[in-house]
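Here is what each chain is made of, one letter per residue.
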Amino acid sequence: MRYANLESYDRVLFIGGIYSNYLALEKAFTMARSLKAEAVIVMGDFGGFGPFPDRTLELLRREKIFAIQGNYEEALAGGAEDCGCGYTDPRDNHYAQISYDYTRSCTSAEHVRWMGELPRYIRLSIGGQRTLVCHGSPRQINEFLWQTMTPRPFIEKMLRDFDTDLIICTHTGLHWSRFIEPGRGVVNVGALGRPANDGKTNVWMSLLEWQDYGFRAEFIPIEYDFDRLAREMESEKLPPEFVATIRTGWWTTCLEVLPAKERARGQF
Amino acid sequence: MTTGQVVGPTTAEGEKKFPFAPLAALDVLWLQVAGTICNLKCSHCFISCSPTNHSHEMMSLAHVRSLLDEAKTLGVKEYYFTGGEPFLNRDLLIMFEVALAQGPVSVLTNGILITPKVAARLRELSDASEHSLDIRVSLDGYDAETHDAIRGRGMFQRAIKGVMNLNSAGLVPVITAAEVTDDIGAERGRAQFLEMLKSLGVNRPRLKILPILRMGAEVERTRAYQEWESLRGHTLSETEAARLQCNSCRMATSKGVYVCPLLIEQDGARMGDRLTDTLGPFELKHSACFTCHSTGFSCRT
Ligand code: SF4
Ligand code: SF4
Ligand SMILES: [Fe+2]
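Below, the structure is looked at part by part. Residue numbering note: each chain is counted from 1, following its sequence as written. Key to labels: chains lettered from A, ligands numbered from 1, both in the order written. In keeping with the model being predicted, local features are shown solely for residues with a pLDDT of at least 70 and side-chain atom pairs are shown and tallied solely at 80 or more, while totals for entire chains, interfaces and linings include all residues. Water and hydrogen atoms play no part in the side-chain values, which are based on all heavy atoms of the structure.

**Comments concerning the pairing of strand 9 (residues 184-189) of chain A**
Residue and element names in this part refer to chain A.
And step 1. For each residue, the accessible area found with a 1.4 Å probe, counting protein chains only, is set against the maximum for its type, and the residue is called buried under 20%, exposed over 50%, and partly exposed in between. Comment: elements are numbered from the N terminus, with helices defined as DSSP H or I runs of at least four residues and strands as E runs of at least two. Within strand 9, six of the six residues are buried, which leaves the element mostly enclosed by the surrounding structure.
And step 2. With burial as the criterion, each face of strand 9 is covered, one bearing Arg 184, Val 186 and Asn 188 and the other bearing Gly 185, Val 187 and Val 189.
And step 3. Sheet topology note: the strand 7 (residues 166-169)/strand 9 ladder contains four bridges and is parallel. The residue of strand 9 that forms the bridge with Ile 168 is Val 187.
And step 4. Pairs of strands are assigned from DSSP output, requiring at least two bridges between the strands. Two strands pair when backbone bridges link them, and strand 8 (residues 175-181) and strand 9 are joined in this way by six bridges, in the antiparallel orientation. Residue pairing in the sheet places Ser 177 in a bridge with Val 187 of strand 9.
And step 5. Between strand 8 and strand 9, which follow one another and run antiparallel, lie two residues, and Gly 183 among them has a positive phi close to 90°.

The following block contains the structure:
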């Protein structure tokens, strides 16, 4: 199934790349209830990076949520040999492969089957505006839409090409939004799985709400037991570089895809 | 990215044909702002740039502006400035300012003209924009010996100065290296580059390796393409087409709009005067197309 169509909402919570951070996910679901979101949509990349991928999947399948595939789910369900993240640098690919191999070997077949049934896109209406939820971009599951590389004329073209007012995406791990007019634009919801390369240990999710003048995209920080996650990653023998990111909030791998400005903000 | 048709080779009059690459979307616009004019004369330059090569002239600000206007209506995602040596174009910084207002900008330079003053101005331009300004400096070796053999005596030190000036201005340059020797792209070569950059105090080293293109000056340095290096008779799958940079780019020079940054000196690669003339498919009959297809490389960062 490529597309799923949902009904109309005014207040929706979006969760980007989870990367097996089931502790942050537990916290996010608790917060979702007090935020009074009408719907929760998780946007793929459930595995990778963190420990015990099945724990994330069990949580996801227990909750009443909507989900789309990310490149991870597409890769796992299709039996691919790599995650299809779209990195080009050999060091980035080296670490991406470690994540993928670990995730693949620890994910149960039944969960992989479920991933294969998820849609690739969701269309819904938020506050009457046509909204398209995708993983990377509407045209490519692993296209990186970075804040400093997604200019207005390009956004205009994508909205036109895909017949929508709003594009909601993730895949980059960094959250941002750009509206070309009230009610029309792109929201990248960031990632729940790892910090935003800003030296802080919290992770992020996004609440999108329609207010009379347009959309309000609220990026919500989530504090969770990162130390426990880090210890579990260590016990699972995941690379110390990954653990360092969880403990420090700075990215240490998969850096070469970052554009100049995003790269300059980080430590490495 | 799979709109447009992919035409496989058919046999008319018993002759094997070349595949065509469709343009899925014009994401990347290249601007050959310094034409083929350069302050260096590198022995591997695939378009033989030099101080005296006027095959493609400097682009005027007015010309660049009109292309940028057109690009805006087409929804271009990013702009690449190159040459020759782009910093020889005296309007370059104004061009950056105009381009940065509508999208991210990358520039490919040999680094020599990046003084502390220019670096500081680049930083200002970057800060004033919501988009990235990416500066790519070419180093064809991690030491003076390799680099200078290609680029001329003393040029390693001068390029390094440019890198340091950018670094001090808080910009994070990308180092571009052509695979002039076998080890450069290999693990050891990459590690040496990163080591060298770190030792200079560049703490976020970025590296882009490019394959050799056997055209222009490179023909003298090593060899020309041979007949087997061709896509004649090859069928291009959609995935293969999507990997080619001509699937999402065009290159504008003073002489018109070309299919890609590689072929501006090749017959038949000029597709029109304006961007809108060049949105159709392109026949991959050039030897460089073979390099693109077999390596999957793109000139983008
Ligand atoms: S490779 Fe670059 S620096 Fe060298 S001559 Fe060609 S354009 Fe100039
Ligand atoms: S040289 Fe490469 S980018 Fe240019 S037309 Fe041929 S395949 Fe396309
Ligand atoms: Fe992803």
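**Focus on the interface of chain B and chain A**
And step 1. Two residues qualify as a contact provided that any one of their heavy atoms is within 4.5 Å of a heavy atom in the partner residue. Taken together, the contact between chain B and chain A spans 28 residues of the former and 28 residues of the latter.
And step 2. Two parts placed together each lose some accessible area; with a 1.4 Å probe, that loss summed over both constitutes the buried area. In this assembly, chain B packs against chain A so that about 2200 Å² is buried in total across both faces, 47% of it on carbon and sulfur atoms.
And step 3. Together, Lys 77, Glu 130 and Arg 204 of chain B form the three largest contributors to the area buried by chain B at its contact with chain A, with a combined 29%.
And step 4. Salt bridge, as used here, is a side-chain nitrogen of Lys or Arg placed within 4 Å of a carboxyl oxygen of Asp or Glu. Viewed at the interface, chain A and chain B are joined by five salt bridges.
And step 5. Between Glu 130 of chain B and Arg 152 of chain A there is a salt bridge whose closest N-O contact spans 2.9 Å.

**As for the site of ligand 2**
All names here are of chain B.
And step 1. Proximity is defined per residue: any heavy atom of the residue falling within 4 Å of a molecule or strand makes that residue near it. Taken together, Gln 245, Cys 246, Val 259, Cys 260, Leu 262, Leu 263, Phe 282, Leu 284, Ala 288, Cys 289 and Cys 292 form the complete shell of residues around ligand 2.
And step 2. Tallying contributions element by element places helix 9 (residues 287-295) first for the shell around ligand 2, with three residues.
And step 3. Within the shell around ligand 2, the residues separate by chemical class into ten nonpolar, one polar and no charged. Polar here means any residue outside two lists: the nonpolar Ala, Val, Leu, Ile, Met, Phe, Trp, Tyr, Cys and Pro, and the charged Asp, Glu, Lys and Arg; Gly therefore counts as polar.

As far as function goes, none of this settles anything; it's purely spatial.
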